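Summary of the model geometry
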Amino acid sequence: MPKKKSNGEGTIYKRKDGTWMGQVTAGRNPETGKLKRITFYGKTRKEVAEKVYEAQDKVNKGIFVDPSKMLLKEWMDIWTEQYVKKKNRPSTWRAYETFIRNRIIPELGDYRLSKLEPYQIQQFYNSLKTVPRLDNKEGTISPTTIARIHAILHKCLVDARRNKLIFWNPADETDRPPIETPETEILSSEEMDIFLQKIMDYRYFAGYLLSIGSGLRPGEVLALKWSNINLKEQTVTIEQTLSRVLDEDPETANKTKIIAQDTKTPKSKRTLALARRLAVALRLHRIKQAKEKSLAGDQYTDNDYVFATATGGCVEYRNFYRSFQACLKKCGIRPVKLYSLRHTFATRLLEDGEDIRVIQELLGHTDIRTTNIYTHVTRKTKQQAAAKMDMHLRKAGKP
């Protein structure tokens with residue numbers, strides 16, 4: 001006889017061999033009209049009860065799928081909603097969703113989750129090496145992108161195992177192409193001097209100064225509000241970042257929208273001391289902004305943005321970027337990314353002997369290994385190291 005069950009526990013039996021079995025009713029078979037019962041087994045009643053209770057809860061919520069028949073794409077839909085969306089920033093889970101929709105589901109989505117084999121995943125990774133990029137640029141998918149796709153699929157299967165949908169992770173037994181870490185670009189000392197001389201001619205000069213003088217990310221610069229800046233104490237507090245994400249509103253004609261969201265990591269929320277020249281530049285920028293407000297009159301909506309449009313709205317990243325490229329061109333400097341200003345900030349401090357852990361805090365990195373990527377051993381640093389070694393060699397006398 002089955003032991004009396006608790007509420008929501010389904011039906012649980014002790015079998016003749018001493019193990020336990022539990023069942024959950026998951027609707028009716030549309031063809032036969034008979035009840036569909038899902039069976040779970042375990043060594044103890046507690047083990048089975050946990051499986052049954054979890055399954056019953058999913059049945060009640062309408063999200064239960066028989067694990068033995070569940071397709072990878074079905075689990076990925078559940079995983080995206082219950083794990084990715086709830087634990088990541090909008091821009092992050094949107095990137096996940098793009099890779100899932102365009103890459104993973106078309107190739108692997110129709111495989112049964114419980115039957116997915118390493119060789120099938122490996123074939124998928126190998127085929128990606130010849131697939132064109134999604135952004136309409138020339139070339140095929142890079143090893144870095146394949147690594148990102150693997151990370152998404154692997155984490156999806158990790159959570160499937162945690163939910164007892166699979167007993168092992170087949171993605172563990174695959175190989176990915178080696179990732180070549182690209183050399184991050186910086187401005188040389190000479191280029192930096194020229195850039196700083198020309199920068200005042202541009203609308204967002206104070207923003208570029210903040211990037212190269214404080215190491216802020218472009219999104220952090222554009223999200224700054226005057227309430228984040230204390231010019232008297234010469235500090236700036238980073239709390240948010242601006243990002244462009246897909247607009248899910250079916251009523252809007254725009255496919256994307258700009259949102260303010262939490263910083264990249266909790267460590268990225270930080271308060272920095274401003275160099276004196278940065279504080280002066282921000283004061284000058286605020287004076288110019290006040291004149292714009294006066295000219296715009298009622299057309300100006302004050303959202304407190306430090307870097308705003310002529311009517312008070314947030315500044316588009318692409319406009320911020322175009323102005324930066326125009327400045328580089330006028331300076332005769334090769335085109336580099338906006339992030340190069342952040343890299344240059346870290347490298348200059350390293351050249352001056354600043355502790356790598358201090359640079360990590362200023363950049364808002366959680367892992368110091370990330371900071372090491374941003375810093376560069378420049379010719380100047382190598383020459384300084386050679387000079388130091390020369391002093392040690394002199395102590396041994398002339399050869």
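Reading the values: the criteria
- Residues numbered from 1 in each chain as written.
- Predicted model: local features only at pLDDT ≥ 70, side-chain atom pairs only at ≥ 80, totals over all residues.
- Heavy atoms only, no water.
- Helix = DSSP H or I, 4+ residues; strand = E, 2+ residues; numbered from the N terminus.
- Buried < 20%, exposed > 50% of the residue type's maximum accessible area, 1.4 Å probe, protein only.
- Contact = heavy atoms within 4.5 Å.
- Areas by Shrake-Rupley, 256 points an atom, 1.4 Å probe, with all protein chains shown as cover.
- Pairing = 2+ DSSP bridges.
- Phe/Tyr/Trp six-rings, centres within 6.5 Å; stacked < 30°, edge-to-face > 60°.
- Lys NZ or Arg CZ within 6 Å of the ring centre and 35° of its normal.
- Disulfide = S-S within 2.5 Å.
- Expected span 1.5 Å × (residues − 1).
- Core = buried A, V, L, I, M, F, W, Y, C linked by side-chain atoms within 4.5 Å.
- Axes fitted to C-alpha atoms, helices over the stretch in contact; angles between N-to-C directions.
- Parallel < 35°, antiparallel > 145°, perpendicular 65-115°, else oblique.
- Left-handed = near helix turned anticlockwise from the far one by under 90°.
- Nonpolar A, V, L, I, M, F, W, Y, C, P; charged D, E, K, R; others polar.

Summing up its helical and strand segments, the protein has 14 helices and 8 strands in all. Across the 399 residues of the protein, 41% fall into the buried class. Taking the intrachain contacts of the protein between residues at least 6 apart in sequence as the baseline, contacts between residues at least 24 apart amount to 60%. Accessible surface, the protein as shown: approximately 23,900 Å² in total, 51% of it carbon and sulfur.

One non-glycine residue, glutamine 234, lies in positive phi territory at about 60°. Among the residues examined, glutamine 234 registers a relative accessible area of 25% and is labelled partly exposed. For aspartate 304, which is not glycine, the phi dihedral falls at a positive 70°. Note that aspartate 304 resides in the loop between helix H9 (276-296) and helix H10 (317-331).

On to the pairing of strand E1 (residues 11-14). In this structure, E1 lies alongside strand E2 (residues 20-28), joined through 4 bridges in antiparallel fashion. Within E2, the residue paired with lysine 14 across the bridge is tryptophan 20. The turn joining E1 and E2, which pair antiparallel and follow one another in sequence, is formed by 5 residues; a positive phi near 95° is taken by glycine 18.

The subject of this paragraph is the packing of aromatic side chains. Using the criterion set out here, one finds 8 aromatic pairs in the structure. A centroid spacing of 5.8 Å and a plane angle of 80° characterise the contact between phenylalanine 195 and phenylalanine 324, whose relative ring orientation is edge-to-face. Here the residue phenylalanine 195 occupies a position in helix H6 (residues 189-198), and phenylalanine 324 occupies one in helix H10, the gap between them amounting to 129 residues. Exposure class is identical for phenylalanine 195 and phenylalanine 324. Each is buried. A connected cluster of aromatic rings, assembled from ring pairs, spans Phe195, Tyr204, Tyr208, Phe320 and Phe324. Cation over ring: lysine 225 sits above tyrosine 305, and NZ or CZ is 5.1 Å from the ring centre. It is arginine 286 that lies over the ring of tryptophan 226; its NZ or CZ is 5.4 Å from the centre.

The next point concerns the state of the cysteines. If you walk through the whole model with that rule in mind, you get 0 disulfides. With no disulfide of its own, cysteine 331 lies closest to cysteine 327 among cysteine sulfurs, the gap being 4.1 Å. Taking the relative accessible area as the measure of exposure, cysteine 331 reaches 11% and is therefore buried.

With 15 residues, H10 should reach 21 Å at 1.5 Å per residue; the first-to-last C-alpha distance of 21 Å fits that figure. By the burial criterion, the buried members of H10 are Phe320, Ser323, Phe324, Gln325, Cys327, Leu328 and Cys331. Among the structural elements, H6, helix H7 (205-214), helix H8 (218-223) and helix H11 (339-351) are those in contact with the buried residues of H10. Phi turns positive, to about 75°, at glycine 332, one or two residues after H10.

A word on the nonpolar core. Counting residues in hydrophobic clusters, the biggest one holds 46 residues, and the most contacted among them are Phe195, Tyr208, Leu282 and Phe307. Looking at this core, the elements with two or more residues in it are H6, H7, H8, strand E5 (235-238), H9 and H10. Here this core takes 6 residues from H7, the largest share from any one element. Sequence-distant contacts of phenylalanine 307, defined by excluding residues within four places in its chain, comprise Tyr204, Ala206, Gly207, Leu210, Val221, Leu282, His285, Gln289, Gly313 and Val315. Formed by 30 residues, the second largest nonpolar core is a distinct cluster that contains Ile78, Val84, Tyr125 and Leu157.

Our next topic: the packing of H6 against H10. With their axes 10 Å apart at the nearest point, H6 and H10 run at an angle of 115° to one another. With respect to H10, the axis of H6 lies roughly perpendicular. At the point where H6 passes H10, the crossing takes the right-handed sense. Facing Ile194, Phe195 and Lys198 of H6, the residues of H10 in contact are Phe324, Cys327, Leu328 and Cys331. Grouping the amino acids of the contact of H6 with H10 by side-chain chemistry returns 6 nonpolar, no polar and 1 charged.

Take the sheet that holds E2 next. Pairing in this open sheet of 3 strands is antiparallel, and the strands run E1-E2-E3 from one edge to the other. The open sheet is flanked by E1 and strand E3 (35-42), the only strands paired with a single partner. Across the sheet, the axes of successive neighbouring strands diverge by a mean angle of 25°, strand direction being ignored. Pairing analysis gives 7 bridges linking E2 to E3, with the strands arranged antiparallel. Residue glutamine 23 lies in a different strand from E3, and its bridge partner there is threonine 39. Across the sheet, helix H1 (residues 45-61) is in contact with E1, E2 and E3; its angle to E2 comes to roughly 10°.

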